[in-house]
Structures are given as structure tokens and as C-alpha cells.
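Here is what each chain is made of, one letter per residue.
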Amino acid sequence: MSKISEHLDLSEVIRSESAKRNGISNMPTEGHIANFKLLAEKVFEPVRNYFRCPIHISSGYRSIELNKCIGGSTTSQHCSGEAIDIDMDGTPNGVTNKMVFNYIKDYLEFDQLIWEFGTDDNPDWVHVSYESTGKQRKQVLKAYKQNGKTNYKTY
Ligand SMILES: [Zn+2]
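What counts, and at which threshold
Residues numbered from 1 in each chain as written. Predicted model: local features only at pLDDT ≥ 70, side-chain atom pairs only at ≥ 80, totals over all residues. Helix = DSSP H or I, 4+ residues; strand = E, 2+ residues; numbered from the N terminus. Rg over C-alpha atoms; globule rule 2.2 N^0.38 Å. Buried ≥ 20, exposed ≤ 12 C-beta atoms within 10 Å, placed from the backbone. Contact = placed C-beta atoms within 7 Å. Pairing = 2+ DSSP bridges. Axes fitted to C-alpha atoms, helices over the stretch in contact; angles between N-to-C directions. Expected span 1.5 Å × (residues − 1). Bend = angle between axes of the 7 residues up to and from the residue. Core = buried A, V, L, I, M, F, W, Y, C linked by C-beta atoms within 7 Å. Parallel < 35°, antiparallel > 145°, perpendicular 65-115°, else oblique. Left-handed = near helix turned anticlockwise from the far one by under 90°. Nonpolar A, V, L, I, M, F, W, Y, C, P; charged D, E, K, R; others polar.

1. Digging into the overall build of the protein
And step 1. Summing up its helical and strand segments, the protein has five helices and eight strands in all.
And step 2. Reading the protein from its N end, one meets helices and strands in the order β-β-α-α-α-β-α-β-α-β-β-β-β.
And step 3. Rg of the C-alpha trace for the protein: 15 Å, near the compact-globule value of 15 Å for 155 residues, within the 12% margin.
And step 4. With the principal axes as the frame, the protein shows a C-alpha extent of 40 × 35 × 35 Å.
And step 5. Across the 155 residues that make up the protein, the buried fraction comes to 34%.
And step 6. A separation threshold of at least 6 residues defines the contact pool for the protein, and within that pool the share at least 24 residues apart is 63%.

2. Topic: the sheet that holds strand E7 (residues 139-146)
And step 1. An order of E3-E4-E6-E5-E7-E8 is seen for the six strands of this open sheet, with the pairing classed as mixed. The two strands at the open ends of the sheet, each matched to only one other strand, are strand E3 (57-59) and strand E8 (149-154). Taking each pair of neighbouring strands and ignoring which way they run, the sheet shows an average axis angle of 30°.
And step 2. Summarising the sheet, strand E4 (residues 83-86) and strand E6 (residues 125-129) pair through four bridges and their orientation is antiparallel. Bridge pairing in E6 links Asp 85 to His 127.
And step 3. Along the sheet, helix H5 (residues 97-107) makes contact with E4, strand E5 (112-116), E6 and E7, crossing E6 at roughly 25°.

3. Some remarks on the pairing of E7
On any regular strand, side chains alternate: one points to one face of the sheet, the next to the other face.
And step 1. Note: E5 against E7, five bridges, orientation parallel. Looking at the pairing, Glu 116 lines up with Ala 143 of E7.
And step 2. Two strands pair when backbone bridges link them, and E7 and E8 are joined in this way by six bridges, in the antiparallel orientation. If you follow Leu 141 over to E8, its bridge partner there is Thr 154.
And step 3. Here E7 hands over to E8 after two residues, with Asn 147 in that stretch at a positive phi of 50°.

4. Examining helix H3 (residues 30-51)
And step 1. Under the 1.5 Å per step criterion, the end-to-end length of H3 is 29 Å for 22 residues, consistent within 8% with the ideal 32 Å.
And step 2. The sharpest bend along H3 reaches about 50° and sits at Ala 40.
And step 3. Among all positions in H3, only His 32, Asn 35, Phe 36, Leu 39, Ala 40, Val 43, Phe 44 and Val 47 are buried.
And step 4. Arg 52 sits one or two residues past H3 and shows a positive phi near 55°.

5. Here we look at the nonpolar core
And step 1. Core analysis: the largest hydrophobic core is formed by 29 residues, its most contacted members being Val 43, Phe 44, Ile 86, Val 100, Ile 104 and Val 128.
And step 2. Where this core is concerned, the elements lending two or more residues are helix H1 (10-14), H3, E4, H5, E5 and E6.
And step 3. Looking at this core, the element that brings in the most residues is H3, giving six residues.
And step 4. Not counting residues within four places of it along the chain, the set of residues in contact with Phe 44 comprises Ser 5, Leu 8, Leu 39, Ile 55 and Ile 84.

6. Brief notes about the packing of H3 against H5
And step 1. At their nearest, the axes of H3 and H5 sit 11 Å apart, and the two run at 120° to each other. Comparing their axes, H5 and H3 come out oblique. Like other packed secondary-structure pairs, H3 and H5 cross with a definite hand, here right-handed. Between H3, through Val 43, Val 47 and Tyr 50, and H5, the contact on the second element is made entirely by Val 100, Tyr 103 and Ile 104.
And step 2. Its residues placed into classes, the contact of H3 with H5 shows six nonpolar, no polar and no charged.

Next up, the structure:
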């Protein structure tokens, strides 16, 4: 399998249970892969090197079809190879989602960082994006459910 960066394999970025279950193709283009390489250089590898343990990607690339299937936003940066979700729950090294969130927030350049649901102590996962062309918005948000709908507020 080809590599995105030193510690990130393409297979980790395209893996999707929903795609498998629904027989949906989830192959990024060369352009999407180039975007992931930039995201890996600016965000993933710095996180990996800081915590010195495997960083689990729960969702990376999503084809338009896959994203529709799971009810994602039509403008999701996952569809352009500019976003990954990190979920450290159940990993053995004592690194929490909150620790990853805080490290990215305080030390890295990013476009959008989202504390995804969970509690005030720990998000269910961390969404982070890196804009491949324009300026990074450095937007930090918190996602929460209200009447079954997803809302965002400034963190
Ligand atoms: Zn995400």
C-alpha cells in the first residue's frame, strides 16, 4: 500500500466500514492524495511525533457517494482530502481525544478543529482540516446535538 507520510498509510485514510457495508467505492484521486500529504505534514505527523504513539484515524477520505450515504455535509473537507477524524478511545497509550485536541489547538496551524460531541471532559473524536490552497481559518468549534440535529458553537 502506498504511503501518505512516514507514519500514515493510504489504507488508514480510505478505510470505511460504511463504504464496505454499502459496496461504495472510496478511492481518492491523485489531487486528493496530494491534499492528504499536506495535511499529514502539517498536522498528522506533528501529532504523531509529539505523542510518540500510533494515532488512530476513524475517518479520512470520503467519496461524495460515501459522504451522502452517512449523511455528511455536501461541502465536507473529507471529500477533498483536507480533513481527518482522530479517535484515541480504546488505544493503549493513555493519549485521550482531549489531549490531541488541545495539542492541535495550541501548537499547530489548521483550518478547522472540531471537538465532536462527547462530554466536557472528552470529545467522541477530533475533526481537523488543513486547507490545501487558501488561508487557514484557525476555526475552533464544538459540535453538539440539539433535538437530534448537529449544531456548532465556537469553542
Ligand atoms: Zn470529520
